Amino acid sequence: MDVCFKDVSYQYETNQATSYKALQEVSFFIPDGSFTAVIGKTGSGKSTLVQLLAGLLKPTTGAVLLNGHTLHEDQNQLIRNHIGYVFQYPEHQLFAETVYEELAFGLKLAGKQKEQIEQRIEEIMKVVELESEILQRSPFHLSGGQMRRVAIAAILMMKPKLLLIDEPTAGLDPQLKEGMMKVFQRYKKQEHATVWMVTHSMNDVALYSDHCIALEAGLLVRAGKTCDVLQSGDVPLPHTMAFAKALMKHQHQPPFLKNTEELVGWITSSWLKEKENEHNG
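Residues numbered from 1 in each chain as written. Predicted model: local features only at pLDDT ≥ 70, side-chain atom pairs only at ≥ 80, totals over all residues. Heavy atoms only, no water.

## Brief notes about the sheet that holds strand S10 (residues 219-225)
Move 1: Taken in spatial order, the 6 strands line up as S6-S7-S8-S3-S9-S10 in an open sheet, and their pairing is mixed. Of all strands in the sheet, those bounded by a partner on one side alone are strand S6 (83-86) and S10. In this sheet, neighbouring strand axes are inclined to one another by 15° on average, regardless of whether the strands run parallel or antiparallel.
Move 2: Pairing analysis gives 4 bridges linking S6 to strand S7 (residues 162-166), with the strands arranged parallel. From the neighbouring strand, Gly84 faces S7, where its bridge partner is Leu163.
Move 3: Sitting on the sheet, helix H5 (residues 144-156) is in contact with S6 and S7, with an inclination near 170° to S6. (Pairing = 2+ DSSP bridges. Helix = DSSP H or I, 4+ residues; strand = E, 2+ residues; numbered from the N terminus. Axes fitted to C-alpha atoms, helices over the stretch in contact; angles between N-to-C directions. Contact = heavy atoms within 4.5 Å.)

## So, the packing of helix H3 (residues 99-109) against H5
Move 1: As a packed pair, H3 and H5 sit with axes 7 Å apart at the nearest point and diverge in direction by 25°. Comparing their axes, H5 and H3 come out roughly parallel. In terms of crossing hand, the pair formed by H3 and H5 is right-handed. Two secondary-structure elements touch here, H3 through Val99, Glu102 and Leu103 and H5 through Val150, Ala153 and Ala154.
Move 2: Across the contact of H3 with H5, the residue classes break down as 5 nonpolar, no polar and 1 charged. (Parallel < 35°, antiparallel > 145°, perpendicular 65-115°, else oblique. Left-handed = near helix turned anticlockwise from the far one by under 90°. Nonpolar A, V, L, I, M, F, W, Y, C, P; charged D, E, K, R; others polar.)

## Section: the sheet that holds strand S5 (residues 69-70)
Strands pair in a sheet through their backbones, by hydrogen bonds, and they do so in one of two ways: parallel or antiparallel.
Move 1: A sheet is described by the order of its strands in space; here 4 strands give the open sequence S2-S1-S4-S5, paired in antiparallel fashion. Looking at strand neighbours, the two that pair on one side only are strand S2 (19-30) and S5, the edges of this open sheet.
Move 2: Two elements, strand S1 (residues 3-13) and strand S4 (residues 61-66), share 5 bridges in a ladder whose sense is antiparallel. Pairing of Ser9 across the sheet is with Thr61, part of S4.
Move 3: Set on the sheet, helix H1 (residues 46-54) makes contact with S1, S2 and S4; between it and S1 the angle comes to about 115°.

All we've got here are geometric facts, nothing functional implied.
Written as structure tokens, this is what we have:
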């Protein structure tokens, strides 16, 4: 689904006397089929933007359009049915007695037949890389990583065309984090879906996204292709880009190096030590 924000503002009413404007006249267009990262410091408006996109909040002013249709009009419930939202720590939302019941719940409510449900479960278990032997187990007796994959699988069961993921790898070690991101990439490819990801990790932005929305204090800093946003100078750089940029400065020129081992030794003993001293100073 392509996404268009037209002069969108959102204001939280804290009490009768005060209010807080979380977003201020935000406008952008992101095409269908994108993997979009939403970035910014805590309090920048990232979660508010994604909740508006999910239909959980309605703009104070302006409009959110999906495929050219205004999201928050009553007749567009059908559009909202194609949106999936993966909250932070989705495993906290597990409730069923078995993994099978957890996965089948949404399609049962939608009136799908048992054969259809079982076929979809078989498909989605492959997407999230879980073995069928856990289907009759309690989700609460699984490992933390498995629980998160089950919770995500329950959302993917509904085949959302727009998948919103909020800090999807929070609390995961690097290996589990990489595996989790591959799940979303695999789902996007198989279902031709559009994915939006809220993240604080600029490395994840560089690795996985092709479009990027940067916010600061409720204002839009930059929106567009990730490569353009990263090169704009308006956002923090991923570690590798920051390092490469630093190397280009005269004071960070490495000595003549013959092999990778020497380069690693110079990075750890000289450049990183210098950056640490700058930080402590």
